[in-house]
Amino acid sequence: MMDYPLPLAKMWRVIRAHFSDVLQTLRLSGFLAIGCATKWKRATISNAMLDELRERCPNITELCLSHTNLNTSKGVESKRFPPKLKVLKIQHSQVPCCMTWLSGGKEGSLLPELQELDFSNSSAVNVHTLTAFGPRDNLKVLRLNGCYRLTGSLYENLFDNFPNLVILEIAETSVSDTMLHQMCRKLTNLRHLHMAQSRQVTDAGIHCMSEGLKNLRWLNLAHCHKVTFEGFRGLAKLNLAYLSVAGNQLTENELKILEGAFKNCEVVHTDPHDNSSDGGSEEG
């Protein structure tokens, strides 16, 4: 249902007519992508609808919301999400600004089985929002691409909360060398790291990665303009299968040297999808 956003009243009719306990995956799109001064405010889901889903479809394990306004006047409460979710994706959406929106009350009581959380390009998401959700030892995948309110100085608590991450995507956020140092000490299980357009990162941060992330197989460093050829070459210590250096100032000779330095690794220097994890994805 991603291609056809439905207003709340029609969504209710669909749920009552077609949904049952066999439903396991639900994907909904809202109106934020529609260039209209009023339509974008329309709600796609509500607390009452989520309660109905919990009762009618108790086996939902994946919920994907795109271009959805959750920050309505009444506010969608996270504690209303289906409790057996393993995957929650809220992309290109507006989430409530409340720092404790994901806390769900008692520590660890909200979505205890969740393994993948994706807030890519959603507004109002910050480290405080995510800290309120943790700690979560079972969370394996965290995608925060384009969440501009994430700041490097507060990342440490985030890493403490999710120590067993295998996939982390933080492209277009305020990644710093200090943050990378903390990440490399605490997220040693990482196999997939997407941090394209991390314009504050230098060779010092890259050196931390080459020493600390021994399990890393997939790495996107597109448009990390402060990283030099020597910084990229230092990553040859890792057993990478995919490395994107697209958009960085490297000569043809330097690119040839990199391709020779990385054994059994696809080194990409022209990537039309350097803002996403499409292509060569390592899912751990």
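See the structure above.
Residues numbered from 1 in each chain as written. Predicted model: local features only at pLDDT ≥ 70, side-chain atom pairs only at ≥ 80, totals over all residues. Heavy atoms only, no water.

Enquirer: Which residues make up the overall build of the chain, and what values go with them?
Expert: The helix and strand tally for the chain stands at 8 helices and 10 strands. Within the chain, the fraction of its 284 residues that count as buried is 50%. The contacts in the chain between residues at least 6 apart in sequence include a share of 76% that link residues at least 24 apart. Here the chain has roughly 12,700 Å² of accessible surface; of this, 48% comes from carbon and sulfur atoms. (Helix = DSSP H or I, 4+ residues; strand = E, 2+ residues; numbered from the N terminus. Buried < 20%, exposed > 50% of the residue type's maximum accessible area, 1.4 Å probe, protein only. Contact = heavy atoms within 4.5 Å. Areas by Shrake-Rupley, 256 points an atom, 1.4 Å probe, with all protein chains shown as cover.)

Enquirer: Kindly report on the nonpolar core, identifying the contributing residues and their values.
Expert: Counting 78 residues, the largest nonpolar core has Phe119, Leu130, Leu168, Met183, Leu193 and Met209 as the members making the most contacts within it. If sequence neighbours within four positions are ignored, Phe119 has contacts with Ile90, Val95, Trp101, Leu102, Val125, Leu130, Arg143, Leu144 and Cys147. (Core = buried A, V, L, I, M, F, W, Y, C linked by side-chain atoms within 4.5 Å.)

Enquirer: Break down the side chain of Glu116 for me, citing the residues and quoting the values.
Expert: Within the fold, Glu116 resides in strand β4 (residues 116–118). Of the polar contacts made by the side chain of Glu116, one reaches the side chain of Arg143; its length is 2.7 Å. Look past the residues within four positions of Glu116 in its chain and what remains in contact with it is Lys86, Val87, Leu88, Lys89, Leu139, Val141 and Arg143. (Polar contact = N/O pair within 3.5 Å; in protein donor to acceptor, adjacent residues only side chain to side chain.)

Enquirer: Run through unusual backbone geometry, naming residues and quoting values.
Expert: Residue Leu111 is not a glycine yet carries a positive backbone phi of 50 degrees. Among the secondary structure elements, Leu111 is positioned in the loop between β3 (87–91) and β4. Look at Leu111 and you get buried, because its relative accessible area is 3%. Of note in the backbone geometry, Ala124 takes a positive phi value of approximately 70 degrees without being a glycine. Note that Ala124 resides in the loop between β4 and α3 (127–131).

Enquirer: Explain the environment of Thr131 to me, and be specific about the residues and the numbers.
Expert: Along the chain, the position of Thr131 falls in helix α3. Taking relative accessible area as the criterion, Thr131 reaches 28% and is therefore assigned partly exposed. The spatial distance from the C-alpha of Thr131 to the C-alpha of Asn157 is 6.7 Å, given a sequence separation of 26 residues. For Thr131, the contacting residues outside a window of four places in its chain are Asn157 and Asn161.

Enquirer: Account for the packing of aromatic side chains, with residues named and values stated.
Expert: With the rule as written, the count across this model stands at 3 aromatic pairs. Taking the centre distance of 6.1 Å and the plane angle of 85 degrees together, the rings of Phe81 and Trp101 count as edge-to-face. Remark: Trp101 occurs in the loop between β3 and β4 and Phe81 occurs in the loop between β2 (62–66) and β3; sequence separation between them is 20 residues. Its relative accessible area of 1% is what places Phe81 among the buried residues. Ring centres of Trp218 and Tyr242 lie 5.0 Å apart, and the angle between their planes is 10 degrees; this geometry places the pair in the stacked category. Of this pair, Trp218 sits in strand β8 (residues 218–220) while Tyr242 sits in strand β9 (residues 242–244), placing them 24 residues apart in sequence. Across the pair, Tyr242 and Trp218 agree in class, each one buried. Over the face of the ring belonging to Phe133 we find Arg136, whose NZ or CZ atom lies 3.9 Å from the ring centre. (Phe/Tyr/Trp six-rings, centres within 6.5 Å; stacked < 30°, edge-to-face > 60°. Lys NZ or Arg CZ within 6 Å of the ring centre and 35° of its normal.)

Enquirer: Tell me what's going on with the packing of helix α5 (residues 177–186) against helix α6 (residues 203–212), and back it up with residues and numbers.
Expert: For the pair α5 and α6, interaxial distance at closest approach is 8 Å and the crossing angle is 5 degrees. Considering the angle they form, α5 stands roughly parallel to α6. Contacts from Asp177, Leu180, His181 and Cys184 of α5 reach α6 at Ala204, Gly205, Ile206, Cys208, Met209 and Gly212. Tallied by class, residues from the contact of α5 with α6 come to 6 nonpolar, 3 polar and 1 charged. (Axes fitted to C-alpha atoms, helices over the stretch in contact; angles between N-to-C directions. Parallel < 35°, antiparallel > 145°, perpendicular 65-115°, else oblique. Nonpolar A, V, L, I, M, F, W, Y, C, P; charged D, E, K, R; others polar.)

Enquirer: Which residues make up the pattern of salt bridges, and what values go with them?
Expert: Here the structure, examined in full by the defined rule, presents 12 salt bridges. Glu52 serves as the salt-bridge partner of Arg56, at 2.8 Å between the closest nitrogen and oxygen. Of this pair, Arg56 and Glu52 both sit in helix α2 (residues 47–56), 4 residues apart, which is roughly one turn of that helix. Glu52 gets classed as partly exposed once you look at its relative accessible area, which sits at 23%. Salt bridges sharing partners connect three or more residues here, namely Asp51, Glu77, Lys79 and Arg80. (Salt bridge = Lys/Arg side-chain N within 4 Å of Asp/Glu carboxyl O.)

Enquirer: Describe the pairing of β2, and please don't skip the residues or the numbers.
Expert: Among the 5 residues of β2, 5 are classified as buried, and the element is accordingly described as predominantly covered. Where burial is concerned, the two faces of β2 agree: the one with Glu62, Cys64 and Ser66 and the one with Leu63 and Leu65 are both buried. Pairing analysis gives 5 bridges linking strand β1 (residues 25–29) to β2, with the strands arranged parallel. Across the sheet, residue Arg27 finds its bridge partner in β2, namely Cys64. Bridge analysis of β2 against β3 gives 5 bridges, and the strand direction is parallel. In the strand pairing of β3, Cys64 is matched with Lys89. (Pairing = 2+ DSSP bridges.)

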